Amino acid sequence: MARIVGGITTSHIPAIGKAMSEGMESDPYWERFFGGYEPVKEWLAKVNPDLAIIVYNDHGLNFSLDTVPTFALGCADRYENADEGWGLKTLASFEGDAAFSWHLAESLINQDFDITTCQQMLVDHGFVVPMALLWRHLPKWPVKTIPLAVNMVQHPLTSARRCLDLGKSLRRAIESYPDDQKVVIVGTGGMSHQLQGERAGHINVDFDLQCMESVINNPEWITALDNTEIIQRGGTEGIEVIMWLVMRGALKPDVKVVHKHYHVPISNTGAGVLVLEDANSGTDPSC
Ligand code: DHB
Ligand code: FE
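Residues numbered from 1 in each chain as written. Chains lettered and ligands numbered in written order. Predicted model: local features only at pLDDT ≥ 70, side-chain atom pairs only at ≥ 80, totals over all residues. Heavy atoms only, no water.

*Asks:* Just checking my understanding: could you explain the pattern of salt bridges for this structure?
*Replies:* When the charged atoms of two side chains with opposite charge come close together, those side chains can pair. Counting across every chain of the model gives seven salt bridges. Of the charged contacts, one joins Lys144 and Asp97 as a salt bridge, the two residues approaching to 2.8 Å between their closest N and O atoms. Residue Lys144 is located in strand 8 (residues 144-150), and its partner Asp97 is located in the loop between strand 5 (94-95) and helix 4 (98-110); the two are separated by 47 residues in the primary sequence. With a closest N to O distance of 3.1 Å, Glu277 and Lys256 form a salt bridge. Here Glu277 is found in strand 11 (residues 269-278), whereas its partner Lys256 is found in strand 10 (residues 255-266), with 21 residues between them in sequence. Here Glu277 falls in the buried class, since its relative accessible area comes to 1%. Among the charged side chains, a network of salt bridges with common partners joins Arg171, Glu175 and Asp278. (Salt bridge = Lys/Arg side-chain N within 4 Å of Asp/Glu carboxyl O. Helix = DSSP H or I, 4+ residues; strand = E, 2+ residues; numbered from the N terminus. Buried < 20%, exposed > 50% of the residue type's maximum accessible area, 1.4 Å probe, protein only.)

*Asks:* Can you help me understand helix 9 (residues 227-234) in this one?
*Replies:* Turning to helix 9, its buried residues number three or more, namely Asn227, Ile230, Ile231 and Gly234. Seen end-on, helix 9 carries its buried residues on one side only, within an arc spanning 95°. In helix 9, the exposed residues that point more than 90 degrees away from the buried face are Thr228 and Gln232. Buried-residue contacts for helix 9 involve helix 6 (160-175), helix 7 (205-217) and helix 8 (219-223). Directly after helix 9, the chain includes Gly235, whose backbone phi takes a positive value near 95°. (Arc of directions from axis to C-beta. Contact = heavy atoms within 4.5 Å.)

*Asks:* I'm lost on the environment of Met247 in this one. Help?
*Replies:* Along the chain, the position of Met247 falls in helix 10 (residues 244-249). Spatially, the C-alpha atoms of Met247 and Gly6 are 8.7 Å apart, while their sequence positions differ by 241 residues. Apart from residues no more than four positions distant in its own chain, Met247 is found in contact with Gly7, Ile8, Thr9, Ile185, Gly187 and Leu276.

*Asks:* Any chance you could explain the sheet that holds strand 4 (residues 78-81) here in plain terms?
*Replies:* Note on sheets: strands pair through backbone hydrogen bonds, and any given pair is parallel or antiparallel. Strand order across the open sheet formed by three strands is 5-4-7, with mixed pairing between neighbours. Across the chains shown, the open sheet's two edge strands, defined by having one partner strand only, are strand 5 and strand 7 (122-123). By the bridge criterion, two bridges tie strand 4 to strand 7 in an arrangement that is parallel. Counterpart to Glu80 in the pairing with strand 7 is Leu122. (Pairing = 2+ DSSP bridges.)

*Asks:* Explain the packing of helix 1 (residues 14-21) against helix 5 (residues 125-135) to me, please; I cannot follow it from the model alone.
*Replies:* For any two helices packed against each other, the geometry comes down to the angle between their axes and how far apart the axes lie. Their axes nearest at 9 Å, the elements helix 1 and helix 5 cross at an angle of 45°. Comparing the axis directions of helix 1 and helix 5 gives the class oblique. Pair helix 1 / helix 5 crosses with left-handed handedness. Facing helix 1, whose interface residues are Pro14, Ile16, Gly17 and Met20, helix 5 presents His125, Val129, Ala132 and Leu133. Partitioning the contact of helix 1 with helix 5 into residue classes produces six nonpolar, two polar and no charged. (Axes fitted to C-alpha atoms, helices over the stretch in contact; angles between N-to-C directions. Parallel < 35°, antiparallel > 145°, perpendicular 65-115°, else oblique. Left-handed = near helix turned anticlockwise from the far one by under 90°. Nonpolar A, V, L, I, M, F, W, Y, C, P; charged D, E, K, R; others polar.)

This is how it looks when you write it as structure tokens:
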């Protein structure tokens, strides 16, 4: 049976990818930020997942504004990255697992999540920057991946409540897959930022810290907020943080915090990272 070894949430700011490709990790601006990922990599080496489900939003590379699915699942054996105009290096393609994806699609649709299935999908910085941060620039990525794209660009957007519920359904879908696979769920995006308009540059540290606390101990705090309130507090693009709740919903109600780190600002954004496990999971890399 497939099982979840834990979850990670992280910001997916494009400038991080550029800093990595230019070898700037030890520069004063970046050092503390990248230091926050060392414990994540140590944890990943210990739990050694076979597959990562990356919950992220496409920013216009794969879906143009003409056709934007609310939830889209990659159902391919390979995903390509491409130039999206941020000056990011295009990275090696990512191995998928189409059989596992189709199982997830069937299970999610049976649980009333009418997701779009994509047999071709270009993955953008929302997917690629977290992959590079967690596993670095290996010629071949050490995990298979399944992209799960949530629309965070074209209104109307889904809600925090729906993201949490999607995570709960995702857990049932994963745990009903007969293959022995260790799965990590990665929720990307956020934290507070606004890239446009009169409030461009808006960052709200208090709100970010409340969101982190809520994701750990009280997801209902965020799910009680509607999207307008989240955008008022966290900025127009800060709404991306609700994708963290997909990861949270996939874990048990009680979680153990393996790692928590926050650094502000990176580019225009409050940058947070969390690693959570089910409270009683007792990480045993041998099983
Ligand atoms: C930035 C953050 C994002 O999440 C994004 O998708 C693009 C840019 C930024 O802070 O620059
Ligand atoms: Fe983004």
